[in-house]
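Per-entry structural report
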Amino acid sequence: MSDDVKQRANSSGKLDRRKFIGVAAGTAGAMFIKPGLVHGTAANSAVRVGLLGCGGRGTEDASNLVDTGGARVVALADLFQDQLDNARAHFDQMQQTKGYSAIDASQLFVGPNAYEKIASSKELDAVVVATPPYYHPRHLEAVVAGGKHVYLEKPVAVDVPGALKVIEIGKRAQGKLSLDVGFQIRDCPPFVEMVRRIHAGALGKIVCGEAHYLTGYIDRPAWPNASPAEHRLRNWVYDRVLSGDIIVEQNIHVIDICNWILKAHPLKATATGGRQGRPADGDAYGNYNVLFHYPDGVDVTFSSTQFAKGWWDVTERFFGTKGTSQSPYTGPLGIWGEEPWQAEGTPAKDTGQTSFSATGKFTSNLEFADREKKKAFVESIASGNFHNQADKGAESALSCMMARTAAYSGREVTWEETLKSRDTWDAKIDLNKLR
């Protein structure tokens, strides 16, 4: 939404629907506001958001949307009552300062069918899907069928059929709804500028690259009174099927950046990995080492951990005939060589980020990533210039699945073989029988 429209909308406690649309229509740039998004007052003109999956990342996503000033959370859905209650308290307090009313009890949905209820609610414009990745295709399909814009957390799926399903759902949404995938770094200003320069030739011909996602163990509660199925669901990051394993669920951010920089997906991969170093939790791996082969003979090495103690680092480096790029979460980010450029001021901010954030909240180079990503999502809805990131989200997920299969099988796996996979993962959990 343009600053002019925001200023006029905020200058009056009441702004009738016809006048608001008239102001927007008269703004330079042919702004288009969907009539269904305008509800009679300046406060209510915000995009009405529902949060499906009220854990740490989902709460962070929805809070970022509220912080844009163009959205408000009006509905919540979760499998567990305590998570729903915690999110309700958080958003009621957060939004009270903005003059928004408390979330209505009729828009609180809990249990196995909560996703269907929030998807079909007539009180919503958009839904944030932040449930365990295993359920993403199912939940995305329900939200799109309900005619809601959707912010889908990564990864889009945990298996190949699920990723292909997301591409299919994306085609149904094309031109009708905004469908964003949670790769916030693609909207992060220093990364955007660096990639722009690389694509303009600042590195010359890219020869090879390296990337890593080295982090510590994600500490989760023990839930001693939970049933085995409930324990898996509450601590899904430890569960290979529910999460997709660490390379698909967490490391995907780095692989997505590599795909973005190279404007391609890898053609094949060899890999190793295992559970060494992890505590006796779930069945997810604790480390991966991968060699990705991209088009034009560009090889990229990748390594990850999810058990390291006392230190973490996430970065990508590319080496070209004219220069070298480096893009860490924290530390000097830029291009060195014949066309040097470094993101201004980022090293000075690094002292504040001493530990890794499992909910995705970072300072330093990623300081504005979430803000810009959520702002772009809200503006796409308000303007009618809808996003559709299903293909890119699936492409990066499939790239990681290819490497995961290579590590599991101990052999080289190609992109073509990956796309042909009909291996559908089954969590073997009956949500209707949870106690």
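Residues numbered from 1 in each chain as written. Predicted model: local features only at pLDDT ≥ 70, side-chain atom pairs only at ≥ 80, totals over all residues. Heavy atoms only, no water.

**Comments concerning the sheet that holds strand 13 (residues 334-337)**
If you walk across this open sheet you meet the nine strands as 14-13-12-11-7-10-9-8-15, and the pairing is mixed. Strands at the two margins of the open sheet, each flanked by one partner only, are strand 14 (341-342) and strand 15 (413-414). Both strand 9 (residues 287-293) and strand 10 (residues 299-306) contribute to a ladder of seven bridges, which runs antiparallel. Looking across to strand 10, one finds that H293 is bridged to D299. Across the sheet, helix 14 (residues 390-409) is in contact with strand 8 (268-274), strand 9 and strand 15; its angle to strand 8 comes to roughly 60 degrees. (Pairing = 2+ DSSP bridges. Helix = DSSP H or I, 4+ residues; strand = E, 2+ residues; numbered from the N terminus. Contact = heavy atoms within 4.5 Å. Axes fitted to C-alpha atoms, helices over the stretch in contact; angles between N-to-C directions.)

**Details of the confidence of the model for the chain**
For the chain, the average pLDDT comes to 89, and 85% of its residues sit at 70 or higher. Considering only residues more than four positions removed or in separate chains, one finds that residues 1-42, a stretch of pLDDT under 50, has 55 contacts. (pLDDT = per-residue confidence, 0-100.)

**Side note on the packing of helix 6 (residues 136-145) against helix 7 (residues 160-173)**
In contact at an axis separation of 10 Å, helix 6 and helix 7 are set at 10 degrees when each is read in the N-to-C sense. One element, helix 6, and the other, helix 7, form an angle in the roughly parallel class. Here P137, L140, E141 and V144 of helix 6 come into contact with helix 7, specifically with G162, K165, V166, I169, R172 and A173. Among the residues forming the contact of helix 6 with helix 7, the class breakdown is six nonpolar, one polar and three charged. (Parallel < 35°, antiparallel > 145°, perpendicular 65-115°, else oblique. Nonpolar A, V, L, I, M, F, W, Y, C, P; charged D, E, K, R; others polar.)

**Focus: the pairing of strand 13**
Note: strand 12 (residues 323-326) against strand 13, four bridges, orientation antiparallel. Along strand 13, the bridge assignment pairs S325 with I335. Across two bridges, strand 13 lies against strand 14 in antiparallel orientation. From the neighbouring strand, G334 faces strand 14, where its bridge partner is Q342.

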